[in-house]
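Chain by chain, the residues:
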Amino acid sequence: MHPFARRVSAIAPFEVMEVLGLARELEHGGADVIHLEVGEPDFATPEPVREAARRAVCDAPMTYTSGIGLIELREAIARWYHDIFRVTVDVDRIVVTTGSSAALLLALGACVNSGDRVLMGDPAYPCNRNFARLFDAEPILVPTDSGSAYQLTADQIRVRATPDTSAVIVASPANPTGTLVADDAWDGLIAACDSIGATLIVDEIYQGLVYGRSPHTVLAHTDQVVVVNSFSKYFQMTGWRVGWLVVPPGWTRHIETLAQNLFICPPTPSQHAAVAALSPECAPILDARRREFANRRDVLLRELPRTGLVVDAVPDGAFYVYADTRAIADDSFAMVRDLLSAQGVALTPGRDFGDHAPDTHVRIAYTQPVPRLLEAIQRIVRWRSETG
Ligand SMILES: Cc1ncc(COP(=O)(O)O)c(C=O)c1O
């Protein structure tokens, strides 16, 4: 047989999988593991969404839909932008996708040529760099720090750009930091991308999960941007695999061709269910859960100093805290392994999120109820006193 393509070895597995494997072994042996490594909500998909899926499976044709999704869902998304953000988005610019993973693939597939460069902050969502590699493009990981809330700046974009930089990826709120692009930074980012001739791709997957502020969309500033979104996080539908893109005017036909060839269409039952996720019936359920995440975040930020972990940029969104481990460990990867075996607390090592200072950070996901978070804090304090 022919050897695997080079890109297979260029794409590294997630380090957190090793953590998960160890956690499973410990649990098999009877240990109580607190999972703060998992990047998905611990809430069940809201009942109105499940009910809509049940109805659809019984009554609606379970055939392929259009490659860009059910018109009812695309219209519901357009209405949602109007009602929540007061932004008018033409339904023709909305493309339903198989989660935001497919949305990111389609976005990069549409604007990146082999050999191009894709700028992104470091730390960032690990798949972004691998998606770029899949298209034989080069991901350029630009180190960010707390000075810009771990977000790329317009100056960094200008300085790091080359003639073959075709795309810039930004996420707000971001994974792993939970930080947002400042309101007054958007116009600069848009202008910087415009000046270097690159497409700005904004991942808004955690958009609804913001605390102490209103949700934001870059679409309020420009239509010359590709927006990635999903029903996975705020709508608590990770396994349903449905998300969407908002593309600039004139792009849909090209994205549709790619989408048809790659995916035929997003899952039909999930698309029917997603319409219900945007309904007024779901809004109070989702808002109550958002408030619960806000409460967990506050508890964690209040209690973390007891552990020696340091959070140096305010996580205003998502459900992650990115913490500096230097005060308590030389190597965050070794710390994650040791903390898990000794105390049964699972975190995600910084290594998964880039090359910049990966061994001095961990990501903590507050996808557990408050009593479990407090128990985890206790265990980290105990681990520290036993190892330190
Ligand atoms: C920033 C970011 N973008 C995209 C995704 C992919 O999510 P999905 O494909 O479930 O929509 C994730 C998942 O964790 C993420 O954190």
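Just so it is clear, the model here is predicted, and its values are computed rather than measured.

A.B. asks: Please clarify how the sheet that holds strand β3 (residues 117–122) should be interpreted in this entry.
C.D. replies: Think of a sheet as strands paired side by side through backbone hydrogen bonds, with each pair either parallel or antiparallel. In spatial order, the strands read β2-β8-β7-β6-β5-β3-β4; together these seven strands make up an open sheet with mixed pairing. Strands with a single pairing partner mark the edges of an open sheet, and in this sheet they are β2 (94–97) and β4 (138–143). With direction set aside, neighbouring strand axes in the sheet form an average angle of 25°. Pairing analysis gives five bridges linking strand β5 (residues 165–171) to strand β6 (residues 199–203), with the strands arranged parallel. By the bridge assignment for β6, Val168 is matched with Leu200.

A.B. asks: I'm lost on the packing of aromatic side chains in this one. Help?
C.D. replies: Any two aromatic rings considered together are summarised by their centre-to-centre distance and by the angle between their planes. Across all of its chains, the model carries 16 aromatic pairs by this definition. When the centroid spacing of 5.6 Å and the interplanar angle of 90° are considered together, the rings of Trp80 and Trp244 count as edge-to-face. With Trp80 in helix α4 (residues 71–85) and Trp244 in strand β8 (residues 243–246), the pair connects residues that are 164 residues apart, well separated along the chain. For the residue pair Trp80 and Trp244, the accessibility class agrees, reading buried in each case. Between Phe293 and Phe319 the ring centres are 5.3 Å apart and the planes differ by 35°, which places this aromatic pair in the tilted class. Taken as a pair, Phe293 in helix α11 (residues 283–303) and Phe319 in the loop between α11 and β9 (320–324) lie far apart in primary sequence, 26 residues in all. Owing to a relative accessible area of 0%, Phe293 belongs among the buried residues under this scheme. Through a chain of ring-to-ring contacts, the aromatic side chains of Trp80, Tyr81, Phe85, Phe231, Tyr234, Phe235 and Trp244 assemble into a single cluster.

A.B. asks: Is there a simple way to explain the nonpolar core in this structure?
C.D. replies: Note that soluble globular proteins tend to have their nonpolar side chains buried in a common cluster. In this structure, Tyr81, Val168, Phe231 and Phe235 are the most contacted members of the largest nonpolar core, which totals 88 residues. Sorting elements by how many residues they give to this core places α4 first, with seven residues. With residues up to four places along the chain from it excluded, the contact list for Phe231 reads Leu73, Ile77, Gln236, Met237, Val242, Gly243, Trp244, Ala274, Ala277 and Leu278. The next biggest cluster of nonpolar side chains, apart from the first, holds 26 residues, and it includes Val95, Leu105, Ala107 and Val118.

A.B. asks: Which parts of the structure should I look at to understand the sheet that holds β9?
C.D. replies: In space, the three strands of this open sheet follow the order β9-β12-β11, with antiparallel pairing throughout. Edge strands, defined here as strands with exactly one partner in the open sheet, are β9 and β11 (348–349). Pairing analysis gives five bridges linking β9 to strand β12 (residues 361–365), with the strands arranged antiparallel. Within β12, the position partnered with Val321 by the bridge is Ile364.

A.B. asks: Is there a simple way to think about the pairing of β4 in this case?
C.D. replies: Along any regular strand the residues' side chains alternate between the sheet's two faces. Where β3 and β4 come together, six bridges link them in parallel fashion. Its bridge partner being in β4, Arg117 is matched across the sheet by Glu138.

A.B. asks: How should I be thinking about the side chain of Asn175 in this particular structure?
C.D. replies: Among the structural elements, Asn175 can be located in the loop between β5 and α8 (186–196). Ignoring sequence-local partners within four residues, the contact set of Asn175 consists of Ala124, Tyr125, Tyr206, Tyr320, Phe353 and Arg363.

A.B. asks: Help me understand the site of the ligand, please; the structure alone is not making it clear to me.
C.D. replies: Around the ligand sit Gly99, Ser100, Ser101, Tyr125, Asn175, Asp203, Ile205, Tyr206, Ser230, Ser232, Lys233 and Arg241, and those are all the residues in its vicinity. Note that an oxygen atom of the ligand is positioned 2.7 Å from one of the side-chain N or O atoms of Tyr206. Interatomic distance of 2.7 Å between a side-chain N/O atom of Arg241 and an oxygen atom of the ligand. Alone, the ligand offers 400 Å² of accessible surface; in the complex the protein occludes 92% of this. No other element matches the three residues that helix α5 (residues 99–111) contributes to the shell around the ligand. Looking at the shell around the ligand, its residues break down into three nonpolar, six polar and three charged.

Procedures and definitions
Residues numbered from 1 in each chain as written. Predicted model: local features only at pLDDT ≥ 70, side-chain atom pairs only at ≥ 80, totals over all residues. Heavy atoms only, no water. Pairing = 2+ DSSP bridges. Helix = DSSP H or I, 4+ residues; strand = E, 2+ residues; numbered from the N terminus. Axes fitted to C-alpha atoms, helices over the stretch in contact; angles between N-to-C directions. Phe/Tyr/Trp six-rings, centres within 6.5 Å; stacked < 30°, edge-to-face > 60°. Buried < 20%, exposed > 50% of the residue type's maximum accessible area, 1.4 Å probe, protein only. Core = buried A, V, L, I, M, F, W, Y, C linked by side-chain atoms within 4.5 Å. Contact = heavy atoms within 4.5 Å. Near = heavy atom within 4 Å. Polar contact = N/O pair within 3.5 Å; in protein donor to acceptor, adjacent residues only side chain to side chain. Areas by Shrake-Rupley, 256 points an atom, 1.4 Å probe, with all protein chains shown as cover. Nonpolar A, V, L, I, M, F, W, Y, C, P; charged D, E, K, R; others polar.

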